[in-house]
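Chain by chain, the residues:
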Amino acid sequence: MTNGHLMGTYNATPFDVASGDGVWLVDTTGRRYIDCVQGIATNALGHAHPRLIDALQAQAQKVWHVSNLFGVAEQRLLAQRLTEACFADLAFFANTGTEAVEAALKAARRYHAVNGELERVDIIGFSGSFHGRTYAAMNASGNPAYLDGFGPRLPGYIQLDLDDDVSLAAAVNSPTTAAVIVEPVQGEGGARSLPGAVLARLRDLTRSHGVLLIYDEVQCGMGRTGKLFAHQWFDGVEPDIMTLAKALGAGFPVSACLATADAAKGMTVGVHGTTFGGNPLGMAVALAAFKEINREEVLVNVQSASADFFERLEGVRSRYPDVIAEVRGKGLLIGIRLIPNNREFMAFARDQGLLVAGGGDNCVRLLPPLTIVADEVMDVVARIERACEAARTALGKAA
Ligand SMILES: *Cc1c(COP(=O)(O)O)cnc(C)c1O
């Protein structure tokens, strides 16, 4: 298949998608796949969830889009739901993850500006992170693969290794530092879950130097780890600002930047905006998604399905140590670090009717719906085992 008139920015599947239902995705030839990509961790309730369809259709009959020149009651309601569930007081809605990150970084710099500390502009990010593809987001991540060919790196961004305590302490202590941005579980970087002690150290350091702490929970938030927000696994590590997107609309594009009232104090009339952000369609779907995801049974299901996955995948790893190097991640953000090339493995999995996402560090990620049931977990793992067998055969032929 050629890309026709599409820019060549993606390496898409050799098939076109026709429809989806729960964990299943069907291509235009009628072939069915178990979908552990789920729109890249967005479809937290699987494809075609009836209550999300109802919410979208009901809102579609009323009003789609009016812009933020008008009051939208659903925005206030969703902001209330989200802030009641975490440390935050205020929300700003946008459409995509990178826009939520943009809002977070702007809020952080504005905070220091209105405090009269205009020199505080530097943003500290970490290796292995991913914050999106706008200039601010890719500079905050600092990953060379995303920055290559886009001109000079922006000033005001510092990239550190998470285990480099000495540089981190020095950077946070600098009078020009505005904020630290970190994913509590790194997603695109390959499902790397940060220990509570790392988050606690970041929290203590930033607080004691008047630096803001931003959690990018675009991928690990909204139930993905078995708590509503990933940092809620640990006590006393709440950030000042948090970004959400992916599963916030359970497949509909909507994102949010949440903050304490103090951290958001620079976000006053006219300083930031978006045409589509907070539109009624997105708000209606996100409200319905929130209601479904923020249920005890769903979060408990994530935890039990996750335990089941990890146990079974460890079994596969022990039978295929020549294929799987490590199983890691948290909740249903699962990374399988491979010995053969991860892109090749994705094709072997696809041959077995299983769709998995790529990731950094030669990983593939499993990002199933939060509602996946035990039989489906078993089915996914059986297909992974068959893909491992195919990978082993290919490795043998290559040797
Ligand atoms: C996907 C992702 C983003 C970017 O989201 P987009 O909707 O693609 O702009 C930012 N941060 C994290 C942690 C992500 O996983």
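Residues numbered from 1 in each chain as written. Predicted model: local features only at pLDDT ≥ 70, side-chain atom pairs only at ≥ 80, totals over all residues. Heavy atoms only, no water.

An order of β13-β14-β17-β16 is seen for the four strands of this open sheet, with the pairing classed as antiparallel. For this open sheet the edge positions go to β13 (324-330) and β16 (357-359), each flanked by a neighbour on one side alone. Going across the sheet, the axis of each strand differs from the next one's by a mean of 30°, ignoring polarity. One ladder, built from six bridges, connects β13 with strand β14 (residues 333-338); its direction is antiparallel. Bridge pairing links Gly329 to Ile334 in β14. Most of the contacts of helix α10 (residues 296-319) go to β13, to which it runs at about 170°, and overall it touches β13, β14 and β17 (363-366). Packed on one face of the sheet, helix α11 (residues 342-351) meets β14, β16 and β17 and runs near 165° to β16. (Pairing = 2+ DSSP bridges. Helix = DSSP H or I, 4+ residues; strand = E, 2+ residues; numbered from the N terminus. Axes fitted to C-alpha atoms, helices over the stretch in contact; angles between N-to-C directions. Contact = heavy atoms within 4.5 Å.)

Moving on: the packing of α11 against helix α12 (residues 374-398). The description of two packed helices rests on the angle between their axes and on the distance between the axes. Between α11 and α12, the least distance of the axes is 8 Å, while the angle of their chain directions is 125°. In terms of orientation, α11 and α12 fall into the oblique class. Considering the relative orientation of α11 and α12, their crossing is right-handed. Taken together, the residues of α12 that come into contact with α11 (itself represented by Phe345, Phe348 and Ala349) are Ile384, Ala387, Cys388, Ala390, Ala391 and Ala394. (Parallel < 35°, antiparallel > 145°, perpendicular 65-115°, else oblique. Left-handed = near helix turned anticlockwise from the far one by under 90°.)

Within the largest apolar cluster, 80 residues are counted, with the highest numbers of intra-cluster contacts made by Leu82, Met222, Phe309 and Leu366. Sorting elements by how many residues they give to this core places helix α9 (residues 280-293) first, with eight residues. Among the domains, domain 1 (17-49 + 295-398) and domain 2 (63-293) are the pair contributing at least three residues each to this core. With near-sequence residues (within four places) excluded, Phe309 lies in contact with Leu332, Ile334, Leu366, Pro368, Ile372, Val377, Val380 and Val381. Counting residues in hydrophobic clusters, the runner-up holds 22 residues, among them Val101, Ala104, Ala108 and Ile123. (Core = buried A, V, L, I, M, F, W, Y, C linked by side-chain atoms within 4.5 Å. Buried < 20%, exposed > 50% of the residue type's maximum accessible area, 1.4 Å probe, protein only. Domains from an automatic or database assignment.)

With that settled, consider the site of the ligand. All residues in the neighbourhood of the ligand are listed as Thr96, Gly97, Thr98, Phe130, His131, Gly132, Glu183, Asp216, Val218, Gln219 and Lys246. Asp216 has a polar side-chain atom sitting 2.7 Å from a nitrogen atom of the ligand. A distance of 2.6 Å separates an oxygen atom of the ligand from a polar side-chain atom of Lys246. Within the complex, 82% of the 380 Å² of free accessible area of the ligand lies under protein. (Near = heavy atom within 4 Å. Polar contact = N/O pair within 3.5 Å; in protein donor to acceptor, adjacent residues only side chain to side chain. Areas by Shrake-Rupley, 256 points an atom, 1.4 Å probe, with all protein chains shown as cover.)

On to the domain arrangement of the protein chain, then. For the protein chain, the domain assignment lists domain 1 (17-49 + 295-398) and domain 2 (63-293). In this complex, domain 1 contributes 28 residues to the contact, which on the side of domain 2 involves 27 residues. Carbon and sulfur atoms supply 57% of the area buried between domain 1 and domain 2, which totals about 2,300 Å² over both sides. For domain 1, the biggest contributors to the area lost against domain 2 are Arg295, Lys330 and Leu333; these three give 28% of the whole. Connecting domain 1 to domain 2 are three salt bridges. A salt bridge links Glu292 to Arg295, with the shortest nitrogen-to-oxygen separation between them at 2.8 Å. At the boundary of domain 1 with domain 2, the tally comes to eleven residue pairs in polar contact (both at pLDDT 80 or more). Examining the composition of the side of domain 1 that touches domain 2, we find that four residues originate from one element, α10, more than from any other. (Buried area = accessible area lost by both parts, 1.4 Å probe. Salt bridge = Lys/Arg side-chain N within 4 Å of Asp/Glu carboxyl O.)

Taken in spatial order, the four strands of this open sheet run β1-β2-β3-β15, and their pairing is mixed. The open sheet has two free edges, formed respectively by β1 (17-21) and β15 (354-355), since each of these has just one partner strand.

Turning next to the environment of Met267. Of note, Met267 is situated in the loop between β12 (255-259) and α9. With 25 residues separating them in the primary sequence, Met267 and Met242 have C-alpha atoms 15 Å apart. With sequence-adjacent residues up to four places away left out, Met267 is seen in contact with Ala103, Lys106, Ala107 and His272.

Tracing the backbone shows Arg317 in helix α10. Note on Arg317: relative accessible area 28%, which makes it partly exposed. Of note is the side chain of Arg317, whose polar atom sits 2.8 Å from the side chain of Glu314.

The next point concerns the side chain of Asp122. Along the chain, Asp122 turns up in strand β5 (residues 122-126). The side chain of Asp122 is buried and forms no salt bridge, while Arg109, the nearest opposite charge, is found at 5.6 Å. Non-local contacts of Asp122, meaning those with residues more than four positions away in its chain, are made with Gly156, Ile158, Thr176, Thr177, Ala178 and Ala179. (Lys, Arg positive; Asp, Glu negative; His and termini not counted.)

What follows concerns helix α8 (residues 196-208). The terminal C-alpha atoms of α8, which comprises 13 residues, lie 18 Å apart, in line with the 18 Å expected from a rise of 1.5 Å per residue. For α8, the full list of buried residues reads Gly196, Leu199, Leu202, Arg203, Leu205 and Thr206. Of the surrounding secondary structure, the elements contacted by the buried residues of α8 are β5, α7 (165-173), β7 (177-182) and β10 (212-216). Taken from the residues just after α8, Gly210 is the one with a positive phi, measuring 70°. (Expected span 1.5 Å × (residues − 1).)

Here we come to the pattern of salt bridges. Where charged atoms of side chains with opposite charge meet at close range, the side chains can pair. For the structure shown, the criterion picks out 17 salt bridges. A salt bridge links Arg51 to Glu292; the shortest N-O distance between them is 2.7 Å. Of this pair, Arg51 sits in helix α2 (residues 50-62) while Glu292 sits in helix α9, and the two are 241 residues apart along the sequence. Look at Arg51 and you get partly exposed, because its relative accessible area is 46%. Its relative accessible area of 8% is what places Glu292 among the buried residues. One salt bridge in this structure joins Glu385 and Arg319, with 2.8 Å as the shortest N-O distance. A residue pair is termed long-range when its members are at least 10 positions apart, and Glu385 in helix α12 and Arg319 in helix α10 qualify at 66 residues. By relative accessible area, Glu385 is classed as partly exposed at 21%.

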